[in-house]
Amino acid sequence: MGKINLKAKLISEEENLNIEISGIKTNNKIVYKENDITVTILILNNRIEMNRTCNEYKINLIFEENKKTISSYQVFGMPKTFDLETNTKKLLIKDNEIDLNYNLEGNDFKYSLVWEVRHENNIEKRN
């Protein structure tokens, strides 16, 4: 388990979020807090699974380049989980970077995540 510094961007018609925050990376999993939302990203071969959880809801997003996938959205206190069609237009996975362009239920989003490994008193960029 290693501490990392993250820069995350989420851009859509209604939102332009830029955050710089600390997180944890273990093997192929990254976890960080975005305000009250816990974000967990699982990095697989040519596939990203993102889980966003807060007190009100949980959303599981699945991204595979040039594929339509079914993601799920659950509002706590409601018995039904909603399926969401996710169409990933671009998926780029590098050593320390993820870039996504996707359409979720008719809305376009751009998401990017860049991270650096944190050491005791200094930061080393991972290549």
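This text goes with the structure placed above it.
Residues numbered from 1 in each chain as written. Predicted model: local features only at pLDDT ≥ 70, side-chain atom pairs only at ≥ 80, totals over all residues. Heavy atoms only, no water.

Colleague: So what about the overall build of the protein? Which residues, and what values?
Modeller: Counting its secondary structure elements, the protein contains zero helices and eleven strands. Traced from its N-terminal end to its C-terminal end, the protein shows the element sequence β-β-β-β-β-β-β-β-β-β-β. Taken across its 127 residues, the protein has 35% of its residues classed as buried. Averaging the locations of the 19 positively and 20 negatively charged side chains of the protein gives two centres separated by 4 Å. (Helix = DSSP H or I, 4+ residues; strand = E, 2+ residues; numbered from the N terminus. Buried < 20%, exposed > 50% of the residue type's maximum accessible area, 1.4 Å probe, protein only. Lys, Arg positive; Asp, Glu negative; His and termini not counted. Charge placed at Lys NZ, Arg CZ, Asp CG, Glu CD.)

Colleague: Any details on the nonpolar core? Residues and values, ideally.
Modeller: Grouped together as the largest cluster of nonpolar side chains are 29 residues, with contacts concentrated most on Ile30, Tyr32, Ile41, Tyr111 and Leu113. Here leucine 113 is in contact with Leu6, Lys7, Ala8, Ile30, Tyr32, Ile41, Asn96, Glu97 and Ile98, once residues within four sequence places are set aside. (Core = buried A, V, L, I, M, F, W, Y, C linked by side-chain atoms within 4.5 Å. Contact = heavy atoms within 4.5 Å.)

Colleague: Report on the packing of aromatic side chains, specifying residues and quantitative values.
Modeller: Centre distance and the angle of the planes are the two values used to describe a pair of aromatic rings. Overall, the coordinates contain three aromatic pairs when judged by the stated rule. Taken together, a centroid distance of 5.7 Å and an interplanar angle of 40° make the contact between tyrosine 57 and tyrosine 73 tilted. Residue tyrosine 57 is found in strand E6 (residues 57-63), and its partner tyrosine 73 is found in strand E7 (residues 67-75); the two are separated by 16 residues along the sequence. On the basis of relative accessibility, which here comes to 19%, the residue tyrosine 57 falls in the buried class. (Phe/Tyr/Trp six-rings, centres within 6.5 Å; stacked < 30°, edge-to-face > 60°.)

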